[in-house]
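# Structural characterization, general
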Amino acid sequence: MKDSQGISIQEAMIFSHRIGQLSKALWKSVERDWQEWLKPFDLNINEHHILSIAYHLDGSSISDIAKFGVMHVSTAFNFSKKLESRSLLTFSKKENDKRNTYVQLTDEGERLLKQTWKHYSPNRDSVLKASMPLRDLYGKFPEFNEMMSVIKGLYGDDFLEIFQKSFTKLEEEFSEEEKFVNEEKIY
């Protein structure tokens, strides 16, 4: 028996179960590696994610952080308050928008975030290591086009725009750093 979208209950359930199991397995590895990466900085994953989002959005509302961090608004607010107490974020209201609370990365917050980036080690990234045989075989990492389409269906175009913007900004950040490092080597 097929539903109004033309798929059987069996097909739908198998797809949902498969995506659930794969997502959970992948997240477990990502979570373990991310927590280990952040240990020296006294940050948890939510705090690090909030710092990253605040950096990429350059002044964002708690609602934006919750949306792009895929977390509940209360989680975004509570962890942001902890970061504020450590002088890593500041809170503000906009003159034309008194309802929303906005956060901005402090200089100390930006320094800490960039320190975490420097501390990242590909050797401690289990998903990266597990992907290397595919990269070696095909000359590239697995592509995410189909998953991006699913995420777009779940969270919308603006989520993917911010997603892409954050990676573009990271690429620029590392290109600038490499240029600086290369300049240092020349002199």
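Relevant structure appears above.
About the criteria used
- Residues numbered from 1 in each chain as written.
- Predicted model: local features only at pLDDT ≥ 70, side-chain atom pairs only at ≥ 80, totals over all residues.
- Heavy atoms only, no water.
- Helix = DSSP H or I, 4+ residues; strand = E, 2+ residues; numbered from the N terminus.
- Buried < 20%, exposed > 50% of the residue type's maximum accessible area, 1.4 Å probe, protein only.
- Contact = heavy atoms within 4.5 Å.
- Lys, Arg positive; Asp, Glu negative; His and termini not counted.
- Charge placed at Lys NZ, Arg CZ, Asp CG, Glu CD.
- Expected span 1.5 Å × (residues − 1).
- Pairing = 2+ DSSP bridges.
- Patch = residues over 30% accessible without salt bridge, like charges linked within 9 Å, V, L, I, M, F, W, Y side chains within 5 Å.
- Areas by Shrake-Rupley, 256 points an atom, 1.4 Å probe, with all protein chains shown as cover.
- Salt bridge = Lys/Arg side-chain N within 4 Å of Asp/Glu carboxyl O.

### Comments concerning the overall build of the chain
Within the chain one finds eight helices and three strands. The order of α-helices and β-strands along the chain, N terminus first, is α-α-β-α-α-β-β-α-α-α-α. On the principal axes, the C-alpha backbone points of the chain span a range of 65 × 50 × 25 Å. The 187 residues of the chain split such that 28% are buried. Contacts in the chain between residues far apart in sequence, at least 24 positions, make up 51% of those at least 6 positions apart. Measuring between centres, the 26 positive side-chain charges of the chain sit 4 Å from its 30 negative side-chain charges.

### So, the environment of Gln115
Counting through the fold element by element, Gln115 comes out in helix α5 (residues 107-119). Assessed through its relative accessible area of 44%, Gln115 is described here as partly exposed. It is 17 Å that separates the C-alpha atoms of Gln115 and Glu172, two residues lying 57 residues apart in sequence.

### Considerations on helix α6 (residues 126-138)
Between its terminal C-alpha atoms α6 stretches 19 Å, which fits the 18 Å expected from 13 residues at 1.5 Å a residue. Remark: Gly139 follows α6 within two positions and exhibits a positive phi of approximately 80 degrees.

### Structural notes on the pairing of strand β3 (residues 97-105)
In this structure, strand β1 (residues 60-61) lies alongside β3, joined through two bridges in antiparallel fashion. Bridge pairing in β3 links Ser61 to Tyr102. Examined bridge by bridge, strand β2 (residues 89-94) and β3 share five bridges and lie antiparallel to one another. Across the sheet, residue Phe91 finds its bridge partner in β3, namely Val103.

### Side note on a nonpolar patch on the surface
A contiguous nonpolar surface patch, about 570 Å² in accessible area, is contributed by Val70, Phe144, Met147, Val150, Leu154 and Tyr155. Position of Tyr155 among the secondary structure elements: in helix α7 (residues 145-155). Here Tyr155 falls in the partly exposed class, since its relative accessible area comes to 34%.

### Quick word on the pattern of salt bridges
With the rule as written, the count across this model stands at seven salt bridges. Of the charged contacts in the structure, one is a salt bridge between Lys39 and Glu36, with a shortest N-O distance of 3.1 Å. We classify Lys39 as exposed; its relative accessible area is 56%. Where Glu143 meets Lys140, a salt bridge forms, and the shortest distance between an N and an O atom there is 2.9 Å.

Purely geometric stuff here, so don't read any function into it on its own.
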